[in-house]
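What the coordinates show
Take a look at the letters that make up each chain.
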Amino acid sequence: MRIIDRRRDTVGKSLPNRQRFVRRARDLLRRAVKEASAARGIREADEGGAVTIPADAVREPTFRASPSGGHREHVLPGNRDFVVGDRIASPPRGGGGSGGSPDGEGEDPFSFVLSREEFLDLYFEDLELPNMAKRHLLGEHRETRRPAGYQTSGPPGALSVGRTLRKSLSRRVALRRPKREELLRLRQQLEEMIAGDAGEERIEKLRTRIEAEEARAKRISFIDPVDLRFRRTEAVPEPIARAVMFCLMDVSASMDEEMKDLAKRFFSLLYIFLKRRYRQVDVVFIRHTQEAKEVDEDTFFHSRESGGTVVSSALREMARIVEDRYPPHEWNIYAAQASDGENFSSDNAATVDLLRGTILPLTQYYAYIEIGRGPEARSQMSTLWNAYDGILAPGMPMAMRRVSDRRDIYPVFRQFFERAPGRTGS
Amino acid sequence: MTPRIRAGRPYLYEGHEWDFDTLSGIYEAIEEVAHVELGLRTFANRIEVISAEQMLDAYASTGMPLMYNHWSFGKHFLRNETLYRKGWQSLAFEIVINSDPCLVYVMEENSATMQAIVLAHAAFGHNHFFRNNYLFRQWTDPTAILDYLAFAKKYVATCEERHGQEAVERLLDAAHALTSHGIHRYKGKQKADLSLEERREQERQDYRAAVFNDLWRTVPKRRESRERSSRARRRALLGLPEENILYFLENAAPRLVPWQREILRIVRTLAQYFYPQRQTKLMNEGCATFVHHRILPRLHERGQITDGAFMEYLHAHTNAVTQPNFDDPRFTGLNPYALGLAMMLDIERICTEPEEEDRAVFPDIAGCGDAYGVLRDAWANYRDESFIAQFLSPRLIRQLRLFQVVGDSAEGDLVVSAIHDERGYVQVRRALARQYDVSRQDPDIQIVDVDLVGDRELLLRHEVTNGIALDAGNAGRVLAHLANLWGYPVRLEETSHERVLETHEAQPTHPFGDQ
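Residues numbered from 1 in each chain as written. Chains lettered and ligands numbered in written order. Predicted model: local features only at pLDDT ≥ 70, side-chain atom pairs only at ≥ 80, totals over all residues. Heavy atoms only, no water.

Re the pattern of salt bridges
All names here are of chain B. Per the counting criterion, the structure on display carries 41 salt bridges over all chains. E357 is the salt-bridge partner of R398, the closest N and O atoms lying 3.0 Å from each other. In this pair, R398 sits in helix 19 (residues 394-400) while E357 sits in helix 16 (residues 356-361), placing the two residues 41 residues apart along the sequence. We classify E357 as partly exposed; its relative accessible area is 23%. One network of salt bridges, in which partners are shared, links E32, E37, R298, E301 and R302. (Salt bridge = Lys/Arg side-chain N within 4 Å of Asp/Glu carboxyl O. Helix = DSSP H or I, 4+ residues; strand = E, 2+ residues; numbered from the N terminus. Buried < 20%, exposed > 50% of the residue type's maximum accessible area, 1.4 Å probe, protein only.)

As structure tokens, then:
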């Protein structure tokens with residue numbers, strides 16, 4: 001009997017099966033994920049969680065008896081007062097023995113928990129970041145080790161058995177170490193000679209030869225310290241991609257809580273999306289009225305401010321921060337601006353110039369969402385929208401959409417990042 | 001009450017906690033009782049301690065330590081995981097695998113007493129059953145199963161690499177749909193060796209030469225009989241009728257390529273390996289339960305476990321062998337642990353303290369005294385169906401108050417047709433035995449013919465018993481898989497006494513083969 005502790009073994013042996021299942025049920029799952037995320041809002045979107053799909057879709061059919069019809073008989077325990085010939089109106093469900101079918105039809109919908117990764121995979125499927133790879137070598141603390149040949153000393157764990165044995169073999173061949181089979185053969189020959197009464201002299205000669213060979217085998221070891229080879233690795237600095245995301249928002253009085261909530265949903269979605277592509281994502285919040293300020297998240301979303309609206313102030317602030325802290329050759333810069341589209345009309349020209357001349361060359365992608373209210377807002381374009389519209393041209397890393405309802409956020413987000421042929425960048 | 005014998009033996013453990021030393025102490029104490037007092041013969045054991053997560057993994061791959069990859073296992077994993085995490089389902093305390101050495105997985109969460117029960121139950125009860133029961137001996141090769149699984153996993157993985165995950169997955173889907181029809185139920189006839197075959201052929205020729213009469217050639221033959229004989233010849237050539245559909249496809253499906261045949265073979269080999277387990281669920285669990293029910297009280301008698309531990313044991317044991325009545329909301333069918341144990345305890349009683357009635361019904365074993373001997377013989381030589389037919393005593397029928405109901409679709413009501421009285425015993429016993437007959441649970445479907453001259457249609461027949469037809473939706477989907485495997489149309493006729501009741505058909509949509 002042996003007792004083995006398996007607890008330290010890798011768990012998750014089912015992972016490949018699980019992935020296969022998720023792939024198989026992909027379409028259903030995508031629908032389920034959408035429904036689930038609609039129900040609980042973007043903020044919790046990156047937590048994964050329970051989804052339910054109809055059992056029907058992933059069934060495993062087998063030949064089985066129809067549940068109805070025919071002549072049935074069951075043996076049941078616990079008879080109290082029945083006698084032969086009694087009739088029982090409501091049939092007891094299922095006899096013993098045959099039991100219920102494990103994957104029977106008409107079952108409850110199949111519900112289970114997706115991991116965060118699986119959930120987001122489905123959530124962001126078909127989306128990509130335009131123009132994303134700006135990799136940069138960072139300081140010495142980020143490095144990976146990669147194999148770089150062999151060396152003659154090292155820790156036991158790095159011993160390369162194959163290499164070592166190859167060395168040992170060539171040494172043994174070069175020094176003509178007798179093989180074991182050879183020795184066996186000689187010994188057998190000797191026995192045969194003794195049994196066959198060969199001449200004393202020949203026997204003696206063979207015996208000396210065997211002794212010499214054996215001594216040789218002993219002298220030349222099977223594996224010698226000089227044979228040892230160890231795997232060598234060397235450290236290579238690893239390029240990593242980093243991103244910074246600028247959230248620009250108009251917080252003047254015309255933006256109410258509900259509109260800010262819409263903006264926040266969009267920003268969260270963008271943050272989660274970036275987070276999946278970059279190991280490090282910084283977020284900078286800039287809010288503006290007639291002047292712009294960098295703030296923390298809480299202030300960004302919750303405190304109110306009154307005043308006019310000068311969009312160019314926010315762009316100017318962003319350009320300053322980029323210059324200060326985020327050198328564009330090291331960072332992938334994304335910006336998302338949310339506004340209700342109101343701007344001092346005198347500022348529009350300055351804003352457009354700033355955007356075209358300074359901001360767009362710095363950024364990977366600039367997304368502008370205009371938050372409108374109600375259906376009438378759709379038809380009527382704001383001044384800022386009209387101004388931005390002039391910049392839009394093929395090849396510009398910029399896009400703009402209007403949002404007026406919570407339901408629009410996800411579709412709009414998808415439109416921004418949908419993988420499409422002919423898109424700029426990647 | 002017998003006085004406690006404490007021959008200087010310390011308790012094996014106290015309290016809940018256990019470590020690897022206590023575990024092997026418990027194991028040795030149990031081994032002594034099992035081998036010496038019960039006379040069990042077991043494979044060597046390998047006990048593996050695993051965590052809940054690993055138990056879920058094991059669940060997903062039908063309990064086997066390794067298995068090829070397929071989405072259906074992932075589905076089961078997700079289902080179990082969800083049920084477990086929500087607290088709707090607790091995990092098994094152990095899993096035991098019919099291999100040599102016998103693998104026993106025990107959960108780390110189990111208390112020391114639970115580990116003792118699990119070891120007695122699985123490492124000795126199930127293990128003895130696996131090693132000695134004729135079905136397992138005949139159909140499974142415990143020394144090879146782990147190697148075979150390793151081979152299967154690797155083979156499927158290689159195929160996925162070469163032919164793409166999707167192609168392999170589709171093939172496995174189709175094969176899985178037919179697993180319960182990928183089993184040889186009877187040992188086939190032995191393949192004659194060549195020299196024997198030659199001799200027989202020579203004899204046949206000699207005989208023909210001896211009785212040769214040229215006149216027979218001139219007798220006109222009737223067309224019909226010629227046709228019939230050609231049909232018989234074709235069927236003989238293809239080995240029809242054949243109920244092992246996967247086997248037939250592996251050998252005769254015209255369009256499959258070798259790797260596809262090999263995968264069909266893997267699926268049916270594993271189905272065959274599990275088949276004895278389906279046929280002996282009642283006996284296997286009964287045997288294991290009986291063994292722990294003898295061993296744990298013995299350990300208590302010998303003063304090796306504390307009173308508290310014994311109480312915990314009684315509690316766990318009683319939970320396992322509860323049999324709710326048919327009208328109880330908890331009733332889900334006959335509990336194999338309860339019925340199996342009850343029958344085995346009953347056999348023990350018949351051997352040692354028989355009543356008049358037992359002497360009449362079981363003249364061979366009543367009062368023979370060697371209960372363990374009789375039980376070991378039963379464990380070795382019966383399966384559920386024959387075990388019930390042979391050993392279900394009138395006294396036990398009365399005790400469980402078993403009764404039989406029959407129902408016809410024509411009349412809505414169920415009618416009580418036999419109860420636990422003098423006239424009913426035989427009928428109840430027969431009916432219960434039938435209920436445990438696996439070959440009656442699976443519909444009887446056979447491949448009966450192939451239209452070799454026409455469109456190569458494969459003809460299957462389902463012999464309908466008791467008027468219970470196939471579930472049409474499922475049958476259609478399985479046939480679609482079958483048509484793809486066969487590569488040509490398939491037709492399934494449901495017949496009863498030569499009368500065709502219903503026909504299902506399917507055309508191949510994406511036939512397998514060299515894509």
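Thoughts on the packing of aromatic side chains
Scanning the model with the defined rule gives 23 aromatic pairs over all chains in all. Their ring planes at 65 degrees and their centres at 5.1 Å tell us that F130 of chain B and F136 of chain B sit as a pair that is edge-to-face. By relative accessible area, F136 of chain B is classed as buried at 1%. With a centroid separation of 5.7 Å and 40 degrees between ring planes, the pair formed by F151 of chain B and Y155 of chain B is classed as tilted. In this pair, F151 of chain B and Y155 of chain B are both assigned in helix 6 (residues 145-163), four residues apart and thus about one turn of the helix distant. Owing to a relative accessible area of 35%, F151 of chain B belongs among the partly exposed residues under this scheme. With a relative accessible area of 23%, Y155 of chain B lands in the partly exposed category. Each residue in the set F82 of chain A together with F326 and F403 of chain B is aromatic and connected to the rest through ring pairs, giving one cluster. Just above the ring of Y488 of chain B sits the side chain of R255 of chain B; from NZ or CZ to the centre is 5.3 Å. (Phe/Tyr/Trp six-rings, centres within 6.5 Å; stacked < 30°, edge-to-face > 60°. Lys NZ or Arg CZ within 6 Å of the ring centre and 35° of its normal.)

Notes on the confidence of the model for chain A
Residues and elements named next belong to chain A. Here chain A shows a mean pLDDT of 77. Residues at 70 or above account for 82%. Of all the helices and strands in chain A, helix 11 (residues 376-379) carries the lowest mean pLDDT, 52, while helix 4 (residues 161-174) carries the highest, 93. When the criterion is pLDDT under 50, residues 92-107 qualifies, and its contacts beyond four places in sequence or with other chains add up to 27 contacts. Here residues 422-426 is modelled with pLDDT under 50, and outside its nearest four sequence neighbours on either side it reaches 14 contacts, counting other chains as well. (pLDDT = per-residue confidence, 0-100. Contact = heavy atoms within 4.5 Å.)

Considerations on the sheet that holds strand 6 (residues 445-450) of chain B
Residues and elements named next belong to chain B. Spatial strand order, 6-7-8-9: four strands in an open sheet with mixed pairing. The sheet is open, and its two edges are formed by strand 6 and strand 9 (499-506), each paired on a single side. The sheet shows a mean angle of 25 degrees between the axes of neighbouring strands, taken without regard to direction. As defined by bridge partners, strand 7 (residues 458-463) adjoins strand 8 (residues 490-496) across six bridges and the pair is classed as parallel. Residue E463 lies in a different strand from strand 8, and its bridge partner there is T495. Packing of helix 11 (residues 245-252) onto the sheet brings it into contact with strand 6 and strand 7, and relative to strand 6 it is tilted by some 30 degrees. Along the sheet, helix 22 (residues 472-486) makes contact with strand 6, strand 7, strand 8 and strand 9, crossing strand 9 at roughly 60 degrees. (Pairing = 2+ DSSP bridges. Axes fitted to C-alpha atoms, helices over the stretch in contact; angles between N-to-C directions.)

So, the pairing of strand 9 of chain B
In regular strands, side chains alternate between the two faces of the sheet. Residue and element names in this part refer to chain B. The sheet contact formed by strand 8 and strand 9 spans seven bridges and is antiparallel. Bridge assignment links S496 to a residue of strand 9, and that residue is R499. Between the end of strand 8 and the start of strand 9, which pair antiparallel, lie two residues, with H497 showing a positive phi angle near 50 degrees.

Observations concerning unusual backbone geometry
Residue and element names in this part refer to chain B. Note that the residue after D100, namely P101, is joined by a cis bond; omega there is 0 degrees. In this structure, P101 sits in the loop between strand 2 (94-97) and strand 3 (102-107). Even without a glycine there, the phi angle at N466 is positive, about 55 degrees. With respect to the helices, strands and loops of the structure, N466 is situated in the loop between strand 7 and helix 22.

Some words on the environment of S496 of chain B
All names here are of chain B. Tracing the backbone shows S496 in strand 8. Assessed through its relative accessible area of 16%, S496 is described here as buried. Sequence-wise, S496 and N466 are 30 residues apart; in three dimensions their C-alpha atoms are separated by 9.1 Å. In this structure S496 touches E463, V464 and L501, once residues within four positions along its chain are discounted.

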